[in-house]
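# Chain and residue survey
Residue strings, one per chain:
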Amino acid sequence: MKTRLFGKTPFTVGDIGFGAWQIGGSWGDVSEADGRAALNAALDAGMTFIDTADVYGDGRSERIIAEVLKSRSDPRPMVATKAGRRLNPHVVEGYNKANLEAFIDRSLKNLATDSLDLLQLHCPPTEALYRPELFAALDDIQKAGKIKSYGVSVEKVEEALKAIEFPGVVSIQIIYNLFRQRPADLFFKEAKRKNVAVIVRVPLASGLLTGKITRDTKFTPDDHRNFNRHGEAFDVGETFAGVPLETGLQAVEELKKLVPTGTTLAGLALRWILMDDAVTVVIPGARNAQQARANAAASDLPPLSADTMAAARAVCDRLIAPHVHQRW
Ligand SMILES: NC(=O)c1ccc[n+]([C@@H]2O[C@H](COP(=O)([O-])OP(=O)(O)OC[C@H]3O[C@@H](n4cnc5c(N)ncnc54)[C@H](OP(=O)(O)O)[C@@H]3O)[C@@H](O)[C@H]2O)c1
């Protein structure tokens, strides 16, 4: 597992981390035993960064992480969680110090720790990024010791650029993958200039970029690839990266031809993200040990050739960009 510095924090992390949404909920049936096995396999394979949120399975993901970490003797990985999505309604007024402290206290309890390594605002309304008092509140909470650092998970490039105007923001979590290339245009340059860590989520476009999904794949009612296909529950960009399924499948058929010997389409997709040194850590979600191990292995793949990079870009520019590029 190769490592990268986590922005201006003292942390160094493996460049492939563990996305822990699957072991919470919204991905069909993932048992607690599978969740524990997936995380143990990830840690055994050298992952040192875990991404979760207080709302993943209403705390189930955080609690499984605490249980697994307690059972192990290796050094504690960096655990990032998120707050804000427990607000109902999810409105900017809810992003205040009292609510954040209550959410943080709950995550501290779930994660069985007295200080969170990284607290991320969980895709807040854009307007929250225009409220300096919110970031002042986070500074206060950090000074009090309940969080070691804070960052923002965003939907749009413009939100990322706005969030890093606040000097206390150490990381941005954003969707970046073969299908969603826009963050690399301007945001990555700014993040590098300001030494802000970049956490890349949805690297496999919810599984589409593994090549295993077909137009006949059925998802259970409690899987967001069924219930959020058109953005019914949250931003549609979180499901298949916002790409219409049929178009995504067409692009996948072309990308399969570019897979280097010795890896898979998922490996190509993850290694493609790591080609940009503005990226700090990629966090593919895994529902079982086998997926976690396969994802960890992408860290050690050789760099992709210039020809492969150009061919992959051409496929996505032609088929995918018209559907997504200007939207996020
Ligand atoms: N707003 C936010 O801040 C936000 C939103 C979304 C995600 N996230 C974070 O980002 C993480 C990653 O995003 P994501 O989970 O939505 O999407 P993703 O990583 O693009 O896709 C995950 C899915 O890909 C498939 N997969 C993963 N590894 C595989 C492998 N080696 N072989 C075959 N299939 C594999 C699995 O599909 P199957 O389940 O079909 O097997 C898995 O559920 C999440 O876990 C979460 O921590 C944050």
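As a starting point, this report considers the structure included with it. Keep in mind that what you see is a predicted model, and the values were worked out from it rather than measured. (Residues numbered from 1 in each chain as written. Predicted model: local features only at pLDDT ≥ 70, side-chain atom pairs only at ≥ 80, totals over all residues. Heavy atoms only, no water.)

Take the overall build of the protein chain next. A tally of regular secondary structure across the protein chain gives twelve helices and ten strands. At 18 Å, the protein chain has a C-alpha radius of gyration in line with the 20 Å of a compact globule built from 328 residues. Looking at the protein chain as a whole, 57% of its 328 residues are labelled buried. For the protein chain, the proportion of contacts with a sequence separation of at least 24, taken over those separated by at least 6, is 76%. Approximately 13,500 Å² of the protein chain is accessible, and the part contributed by carbon and sulfur atoms is 52%. Charge-centre separation for the protein chain: the mean point of 41 positive side chains lies 1 Å from the mean point of 40 negative side chains. (Helix = DSSP H or I, 4+ residues; strand = E, 2+ residues; numbered from the N terminus. Rg over C-alpha atoms; globule rule 2.2 N^0.38 Å. Buried < 20%, exposed > 50% of the residue type's maximum accessible area, 1.4 Å probe, protein only. Contact = heavy atoms within 4.5 Å. Areas by Shrake-Rupley, 256 points an atom, 1.4 Å probe, with all protein chains shown as cover. Lys, Arg positive; Asp, Glu negative; His and termini not counted. Charge placed at Lys NZ, Arg CZ, Asp CG, Glu CD.)

This part covers the site of the ligand. Taken together, 30 residues lie around the ligand, and Asp 51, Ser 153, Leu 204, Lys 212 and Arg 287 are the ones closest in. With respect to the ligand, the backbone of Trp 21 contributes an N or O atom lying 3.2 Å from an oxygen atom. Protein contacts shield 93% of the accessible area of the ligand, which totals 900 Å² for the unbound molecule. Ranked by the residues each element gives to the shell around the ligand, the list is headed by helix 10 (residues 289-297), at three residues. (Near = heavy atom within 4 Å. Polar contact = N/O pair within 3.5 Å; in protein donor to acceptor, adjacent residues only side chain to side chain.)

Taking strand neighbours across the sheet as the criterion, the eight strands line up as 3-4-5-6-7-8-9-10 in an open arrangement whose pairing is parallel. Both edges of this open sheet fall to strand 3 (18-19) and strand 10 (281-282), since each of them pairs with a single strand only. Taken together, the three bridges between strand 4 (residues 49-51) and strand 5 (residues 78-83) define a ladder with parallel strand orientation. Residue Ile 50 lies in a different strand from strand 5, and its bridge partner there is Val 79. (Pairing = 2+ DSSP bridges.)

A word on the side chain of Thr 81. With respect to the helices and strands, the residue Thr 81 is situated in strand 5. Polar side-chain contacts of Thr 81 include one of 2.7 Å to the side chain of Glu 62.

In this section: empty space enclosed by the protein. The final tally for this structure, using the stated rule, is two cavities of 30 Å³ or more. Taken together, Glu 155, Ile 174, Ile 175, Phe 179, Arg 180, Gln 181, Arg 182, Pro 183, Val 324, His 325 and Trp 328 form the lining of the largest cavity. Taken together, the residues that form the lining of the largest cavity break down as six nonpolar, two polar and three charged. In this model, the second largest cavity occupies a volume close to 40 Å³. Forming the walls of the second largest cavity are Arg 76, Val 79, Leu 111, Thr 113, Ser 115, Leu 116 and Asp 117. For the lining of the second largest cavity, the class distribution of residues is three nonpolar, two polar and two charged. (1 Å grid on protein atoms, 1.4 Å probe; cavity = no way out; pocket = protein on both sides within 12 Å on 5 of 7 lines; lining within 4 Å. Points joined across faces, edges and corners; volume = space filled by probe spheres on them. Nonpolar A, V, L, I, M, F, W, Y, C, P; charged D, E, K, R; others polar.)

Turning our attention to the side chain of Thr 247. Here Thr 247 lies in helix 8 (residues 245-256). Not counting chain neighbours up to four residues away, the residues in contact with Thr 247 comprise Leu 319, Ile 320 and His 323.

It is worth spelling out the packing of aromatic side chains at this point. In total, this model carries ten aromatic pairs according to the counting rule given. Summarising the aromatic geometry, the rings of Tyr 176 and Trp 272 are spaced 5.1 Å apart at their centres and angled 35° between planes, so their arrangement reads as tilted. In this pair, Tyr 176 is assigned in the loop between strand 8 (169-175) and helix 6 (187-193) and Trp 272 in helix 9 (residues 265-274), connecting sequence segments 96 residues apart. The same class applies to Tyr 176 as to Trp 272, namely buried. (Phe/Tyr/Trp six-rings, centres within 6.5 Å; stacked < 30°, edge-to-face > 60°.)

Below, the discussion takes up the layout of surface pockets. Here the second largest pocket defines a volume of roughly 170 Å³. Looking at the second largest pocket, the residues that line it are Leu 43, Gly 46, Met 47, Thr 48, Leu 69, Arg 72, Asp 74, Pro 75, Arg 76 and Pro 77. Class assignment of the residues belonging to the lining of the second largest pocket gives a composition of five nonpolar, two polar and three charged.

Quick look at the nonpolar core now. Of all hydrophobic cores here, the largest spans 96 residues; its most connected members are Phe 18, Phe 135, Ile 172, Phe 179 and Phe 187. With eight residues, the top contributor of residues to this core is helix 9. If we skip the residues at most four places from it in the chain, Phe 179 touches Ala 205, Leu 208, Leu 209, Val 243, Gly 248, Ala 251, Val 252, Leu 255, Cys 316, Ile 320 and Val 324. One finds Met 78, Leu 118, Val 170 and Ala 197 within the second-largest nonpolar core, a separate group that totals eleven residues. (Core = buried A, V, L, I, M, F, W, Y, C linked by side-chain atoms within 4.5 Å.)

Compared with an ideal rise of 1.5 Å per residue, which puts 14 residues at 20 Å, helix 11 (residues 306-319) spans 20 Å between its outermost C-alpha atoms and is within 8% of the ideal. Contact partners of the buried residues in helix 11: helix 8, helix 9 and helix 12 (321-324). (Expected span 1.5 Å × (residues − 1).)

In this fold, Gly 262 is placed in the loop between helix 8 and helix 9. Sequence spacing of Gly 262 and Ile 174 is 88 residues, and the spatial spacing of their C-alpha atoms is 29 Å.

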